[in-house]
Amino acid sequence: MKFTELVDSGASKTKQHEYLVDGEQTAITIRIPSNLKEAAAEAANLKGLSFSAFARMCMIDELVKEES
(Lines give C-alpha, C1' and ligand atoms only; values in the text may rest on other atoms or scores of the structure.)
Protein backbone atom coordinates (compact mmCIF):
# COMPACT_ATOMS: atom_id res chain seq x y z
CA MET A 1 0.00 0.00 0.00
CA LYS A 2 1.24 3.49 -0.83
CA PHE A 3 1.11 6.33 1.68
CA THR A 4 -1.39 8.24 -0.45
CA GLU A 5 -3.72 5.23 -0.42
CA LEU A 6 -3.43 5.09 3.35
CA VAL A 7 -4.35 8.77 3.64
CA ASP A 8 -7.22 8.44 1.16
CA SER A 9 -8.60 5.49 3.13
CA GLY A 10 -8.98 7.74 6.17
CA ALA A 11 -6.31 6.06 8.29
CA SER A 12 -5.59 7.70 11.64
CA LYS A 13 -2.54 9.91 12.11
CA THR A 14 -1.09 7.16 14.31
CA LYS A 15 -1.43 4.59 11.52
CA GLN A 16 0.13 7.04 9.05
CA HIS A 17 3.05 7.63 11.41
CA GLU A 18 3.54 3.89 11.93
CA TYR A 19 3.59 3.36 8.16
CA LEU A 20 6.24 6.04 7.66
CA VAL A 21 8.64 4.77 10.34
CA ASP A 22 8.29 1.14 9.25
CA GLY A 23 10.30 -0.40 6.43
CA GLU A 24 13.89 -0.79 5.39
CA GLN A 25 16.44 1.99 5.64
CA THR A 26 17.69 3.53 2.41
CA ALA A 27 20.55 5.94 1.80
CA ILE A 28 19.89 9.22 0.00
CA THR A 29 21.95 12.21 -1.04
CA ILE A 30 20.48 15.70 -1.01
CA ARG A 31 22.08 18.99 -1.85
CA ILE A 32 21.21 21.87 0.46
CA PRO A 33 22.95 25.14 1.30
CA SER A 34 25.64 24.72 3.95
CA ASN A 35 24.02 27.39 6.13
CA LEU A 36 20.75 25.41 6.15
CA LYS A 37 22.59 22.19 7.02
CA GLU A 38 24.49 23.87 9.85
CA ALA A 39 21.34 25.49 11.27
CA ALA A 40 19.43 22.20 11.08
CA ALA A 41 22.32 20.35 12.73
CA GLU A 42 22.30 22.90 15.58
CA ALA A 43 18.51 22.57 15.99
CA ALA A 44 18.83 18.79 16.02
CA ASN A 45 21.58 18.97 18.63
CA LEU A 46 19.42 21.15 20.88
CA LYS A 47 16.74 18.45 20.73
CA GLY A 48 19.27 15.70 21.42
CA LEU A 49 18.91 14.27 17.90
CA SER A 50 21.24 13.52 15.04
CA PHE A 51 20.85 15.51 11.84
CA SER A 52 19.40 12.44 10.09
CA ALA A 53 16.85 11.80 12.85
CA PHE A 54 15.86 15.47 12.80
CA ALA A 55 15.39 15.40 9.01
CA ARG A 56 13.25 12.24 9.27
CA MET A 57 11.17 13.79 12.07
CA CYS A 58 10.55 16.95 10.03
CA MET A 59 9.47 14.93 6.98
CA ILE A 60 7.15 12.72 9.01
CA ASP A 61 5.62 15.73 10.78
CA GLU A 62 4.96 17.39 7.42
CA LEU A 63 3.40 14.27 5.93
CA VAL A 64 1.01 13.52 8.80
CA LYS A 65 0.01 17.06 9.77
CA GLU A 66 -3.62 18.07 9.69
CA GLU A 67 -4.65 19.78 6.49
CA SER A 68 -6.17 23.23 6.86
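Right above here is the structure, for reference.
1. Notes on the overall build of the protein
Here comes step 1: Check the secondary structure of the protein and you find 4 helices and 0 strands.
Here comes step 2: Along the protein, helices (α) and strands (β) appear in the sequence α-α-α-α when read from the amino end.
Here comes step 3: Radius of gyration (C-alpha) of the protein: 14 Å, far over the 11 Å computed for a compact globule of 68 residues.
Here comes step 4: Each principal axis of the C-alpha atoms in the protein carries an extent, and together these give about 40 × 25 × 20 Å.
Here comes step 5: Expressed as a percentage of its 68 residues, the buried residues of the protein come to 13%.
Here comes step 6: Considering only contacts in the protein between residues 6 or more positions apart, those separated by 24 or more positions represent 38%.

2. Quick word on the side chain of Gln16
Here comes step 1: Looking at the secondary structure, you find Gln16 in helix 2 (residues 13-21).
Here comes step 2: Residue Gln16 is classed as buried on the basis of its relative accessible area, which comes to 3%.

3. So, the environment of Val64
Here comes step 1: Summarising the element assignment, Val64 is placed in helix 4 (residues 51-64).
Here comes step 2: Residue classification places Val64 among the buried positions, given a relative accessible area of 13%.
Here comes step 3: Taking the C-alpha atoms as reference points, Val64 and Thr29, 35 residues apart in sequence, are found 23 Å from one another.
Here comes step 4: Ignoring any residue separated from it by four or fewer positions in sequence, one finds Val64 in contact with Phe3, Lys13, Gln16, His17 and Leu20.

4. As for the nonpolar core
Here comes step 1: Grouped together as the largest cluster of nonpolar side chains are 5 residues: Phe3, Leu6, Ala11, Ile60 and Val64.
Here comes step 2: Within the residue set of this core, elements represented by two or more residues are helix 1 (3-8) and helix 4.
Here comes step 3: Once you skip the residues sitting within four places of it in the chain, Ile60 turns out to touch His17, Leu20 and Val21.

So, how was this worked out
Residues numbered from 1 in each chain as written. Predicted model: local features only at pLDDT ≥ 70, side-chain atom pairs only at ≥ 80, totals over all residues. Heavy atoms only, no water. Helix = DSSP H or I, 4+ residues; strand = E, 2+ residues; numbered from the N terminus. Rg over C-alpha atoms; globule rule 2.2 N^0.38 Å. Buried < 20%, exposed > 50% of the residue type's maximum accessible area, 1.4 Å probe, protein only. Contact = heavy atoms within 4.5 Å. Core = buried A, V, L, I, M, F, W, Y, C linked by side-chain atoms within 4.5 Å.

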